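Reading the structure
If you want the building blocks of each chain, they are given just below.
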Amino acid sequence: MQAYVGITKHIGGFEATDELLSLCRIEDAREVLNVGCGIGVRLRLYRQKHGCHVVGVDVSEKMIEWSRRRAREERVEPQVEFRTADVLDLPFEADRFDVVFAESVLIFVEDKAQAIRECVRVTKPGGYVGLSEGFWTVQPSPELLARVRVAVGPCVPTLEAWQALWKPPAAGAGGKNFPG
């Protein structure tokens, strides 16, 4: 529905995005990947403010169409580019991006661990992966979980389930940073 009307939203809004990117030290980045870029609302701003090359990907071709239209209207091509891609199989070489970030994307993905591995894979050593996702503060009833699954997709995990998935790499495993 969001792709059809050309809107996008996520938990915390632009303030949360700005804080996440600050934690990821976007000001030092040369190339940034926004996984689940939606309609590309703020990618021009990141390009202008920080001087980085920004790549936005989304699984929805319609969202990418909106993003490309916005980039043309704002005259920021080719500094900002967009591609249709799935977070489970990102079409980029390993160790490419200084910052990879996703917001309200992984709750729609069944294999969250694979999505995280892909984000880490395309991040340069010394780079940052920033994820902002929703979670249940308490385990919901099976009935509520079933309703949310119909409305949202695979599942919204509890905080404990996210923590079980998120295992920073062992020492010497690539030197990638994971802001808290």
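Up top you'll find the structure we're talking about.
These lines cover the structure that appears in this document, whether it is placed above or below. (Residues numbered from 1 in each chain as written. Predicted model: local features only at pLDDT ≥ 70, side-chain atom pairs only at ≥ 80, totals over all residues. Heavy atoms only, no water.)

Another aspect to go through is unusual backbone geometry. Trans peptide bonds make up most of the peptide bonds, and negative phi angles are found at most residues other than glycine. You will see that Arg25, though not glycine, has its phi angle at about 55°, which is positive. Phi is positive for Arg75, close to 55°, though the residue is something other than glycine. Mapping Arg75 onto the fold places it in the loop between α4 (61-73) and β3 (80-84). The exposed category is assigned to Arg75, whose relative accessible area is 73%. (Helix = DSSP H or I, 4+ residues; strand = E, 2+ residues; numbered from the N terminus. Buried < 20%, exposed > 50% of the residue type's maximum accessible area, 1.4 Å probe, protein only.)

Strand order in the open sheet made by the five strands is β3-β2-β1-β4-β5, with parallel pairing throughout. Of all the strands in the sheet, just β3 and β5 (123-132) have a single pairing partner and so form its edges. Recorded for the sheet is a direction-independent mean angle of 20° between the axes of neighbouring strands. Relative to β5, strand β4 (residues 97-103) runs parallel, the two being bridged by six bridges. Among the inter-strand pairings, Val100 is bridged to a residue of β5, identified as Val129. Strands β1 (31-35), β4 and β5 of the sheet are contacted by helix α5 (residues 112-121), whose axis makes an angle of about 140° with β5. (Pairing = 2+ DSSP bridges. Axes fitted to C-alpha atoms, helices over the stretch in contact; angles between N-to-C directions. Contact = heavy atoms within 4.5 Å.)

Moving on: the pairing of β1. Taken across its five residues, β1 has five buried, putting it largely inside the fold. Side chains Glu31, Leu33 and Val35 project from β1 onto one buried face, and the interleaved Val32 and Asn34 project onto a second face that is buried too. With five bridges joining them, β1 and strand β2 (residues 53-58) adopt parallel strand pairing. Within β2, the position partnered with Val32 by the bridge is Val54. In this view, the connection linking β1 to its parallel neighbour β2 by way of helix α3 (residues 43-50) has right-handed handedness. Across four bridges, the pairing between β1 and β4 is parallel. (Right-handed = clockwise from strand over helix to strand, strands pointing away.)

Okay, the pattern of salt bridges next. Under the defined criterion, the tally for this structure stands at six salt bridges. Here Arg96 ties to Glu31 by a salt bridge, and the two come within 2.8 Å at their closest N and O atoms. Note that Arg96 is positioned in the loop between β3 and β4 and Glu31 in strand β1, a separation of 65 residues in sequence. A relative accessible area of 18% places Arg96 in the buried class. Owing to a relative accessible area of 15%, Glu31 belongs among the buried residues under this scheme. The shortest N-O distance in the salt bridge between Glu118 and Arg121 comes to 2.8 Å. Residue Glu118 and its partner Arg121 are both found in helix α5; the two are separated by three residues, about one turn of the helix. Among the residues examined, Arg121 registers a relative accessible area of 27% and is labelled partly exposed. (Salt bridge = Lys/Arg side-chain N within 4 Å of Asp/Glu carboxyl O.)

Interpretation in functional terms is not warranted from these geometric data alone.
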